[in-house]
Amino acid sequence: MATKIRAAFAPCSLGDWPTPLEAQPGLAHAVGLDALWLKREDHAGGNKVRGLEFLFAGVPARSVFVTIGGTGSSHCLTTARFARAQGHRTAVALFDQPATDASRRIAVATVATADVVVRAHNPLTLPWAVLRAWRAARRLGPRTPHWIPGGGAEPRAVIGHFLATLELELQVDAPPDAIIVPLGTGGTAAGIALGVAWLGWPTQVVAMRVAPRIVANSWRTMRLARHAAALLRRAGVRFDVPRSSLRVRIVNAMGPGYGYPTPDGERARTLAAEHGLQLDPTYGAKAFSFFLRQSTGKVKRGVFWQTFPSS
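Everything in this summary refers to the structure shown in the same document. As the structure is a prediction and not an experimental result, all values here were calculated from the model.

Our focus in this paragraph is the packing of aromatic side chains. Under the criterion given, the structure shown has 10 aromatic pairs. Ring centres of Tyr258 and Tyr283 lie 6.0 Å apart, and the angle between their planes is 75 degrees; on these two criteria the pair is classed as edge-to-face. Here Tyr258 is found in the loop between strand E9 (249–252) and helix H10 (263–274), whereas its partner Tyr283 is found in the loop between H10 and helix H11 (284–288), with 25 residues between them in sequence. Taking relative accessible area as the criterion, Tyr283 reaches 17% and is therefore assigned buried. Members of the aromatic cluster, connected to one another through ring pairs, are Phe95, Tyr258, Tyr283 and Phe308. In this arrangement the basic side chain of Arg50 is found over the ring face of Trp17, its NZ or CZ atom lying 3.8 Å from the centre.

Quick look at the structure:
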């Protein structure tokens, strides 16, 4: 399946695949599981690299990409970094989010890496910031810029996350009870849901919502998954999966707002750090808090999708 998909879509080669599935027996014991694995997407530059391989595919040399995200957006930074490595340029429109060590570091790196950075200091000016970024992008090259939705949540990108899930078939001896992933714009969760459905696993996909419901919701996530499946079929890749098998359980973990640390998230982050796992407060910590809140006995074997870039 993976070979057929790569032949049909000819994605760029940006990451080192497959990413490791790392057993964490000590951390599993600490959260009351029989087994816990980390899907180390962070080892390849973060989960956004999967989608960029497909979003960059086939674009002319020295193309310009425009995208949007928070000041601590790993998506914007990853897009700018890998675009530059491929000889492309980027213009990003950023909205303010609460300052943490992680978001400050990413904001500084984004300014240093992207070709154009436009800040919106409140939600009302965000559309104007996007327009200014687009206009600036048009001046960066002779061709019309390429738009990448926030978070890279686009059906082609979802196919990259689908491939990530297929890797699990050779990395575990039996399907896990649950796969836990942060839910922002939904692309990664959509790809995982597609993968679990195609594998025929009974595994529950738990998407921990860390962004406002208007962007992080089941309707949008399932729509991305269905559109990605349609892309696969149109490309001649057989994808006969019943629509009813596409399922995601969404759990609210956002707290007072996007980017704000939460008590549950900080407890999860502290516990993970004691076992050598570094989690960011916006995505990873809130998602990992699932293991501190789940009812005993429901999940005994879990996979945690480590999405945030390690550097």
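Let us now look at the sheet that holds E9. Pairing is mixed across the open sheet formed by 6 strands, whose spatial order is E1-E2-E10-E7-E8-E9. The open sheet has two edge strands, strand E1 (21–23) and E9, and neither has a second partner. Neighbour to neighbour, the strand axes of the sheet diverge by 25 degrees on average, direction disregarded. Of the pairings in the sheet, the one linking strand E7 (residues 178–183) to strand E10 (residues 301–306) comprises 3 bridges and is parallel in character. Of the residues in E10, the one forming a bridge with Ile180 is Phe304.

This next bit is on the sheet that holds strand E6 (residues 146–147). Spatially, E5-E4-E3-E6 is the arrangement adopted by the 4 strands of the open sheet, whose pairing is parallel. Looking at strand neighbours, the two that pair on one side only are strand E5 (116–120) and E6, the edges of this open sheet. One ladder, built from 2 bridges, connects strand E3 (residues 64–70) with E6; its direction is parallel. By the bridge assignment for E6, Val66 is matched with Trp147.

Per the counting criterion, the structure on display carries 3 cavities of 30 Å³ or more. Volume-wise, the largest cavity comes out at about 80 Å³. In terms of lining residues, the largest cavity is bounded by 14 residues, among which Lys48, Gly151, Gly152, Ala157 and His161 are the most central. At the level of secondary structure, the elements contributing two or more residues to the lining of the largest cavity comprise helix H3 (48–55), helix H7 (155–166) and helix H8 (187–199). The biggest single contributor to the lining of the largest cavity is H3, with 4 residues. Tallied by class, the residues present in the lining of the largest cavity amount to 4 nonpolar, 9 polar and 1 charged.

Rules used throughout
Residues numbered from 1 in each chain as written. Predicted model: local features only at pLDDT ≥ 70, side-chain atom pairs only at ≥ 80, totals over all residues. Heavy atoms only, no water. Phe/Tyr/Trp six-rings, centres within 6.5 Å; stacked < 30°, edge-to-face > 60°. Helix = DSSP H or I, 4+ residues; strand = E, 2+ residues; numbered from the N terminus. Buried < 20%, exposed > 50% of the residue type's maximum accessible area, 1.4 Å probe, protein only. Lys NZ or Arg CZ within 6 Å of the ring centre and 35° of its normal. Pairing = 2+ DSSP bridges. Axes fitted to C-alpha atoms, helices over the stretch in contact; angles between N-to-C directions. 1 Å grid on protein atoms, 1.4 Å probe; cavity = no way out; pocket = protein on both sides within 12 Å on 5 of 7 lines; lining within 4 Å. Points joined across faces, edges and corners; volume = space filled by probe spheres on them. Nonpolar A, V, L, I, M, F, W, Y, C, P; charged D, E, K, R; others polar.

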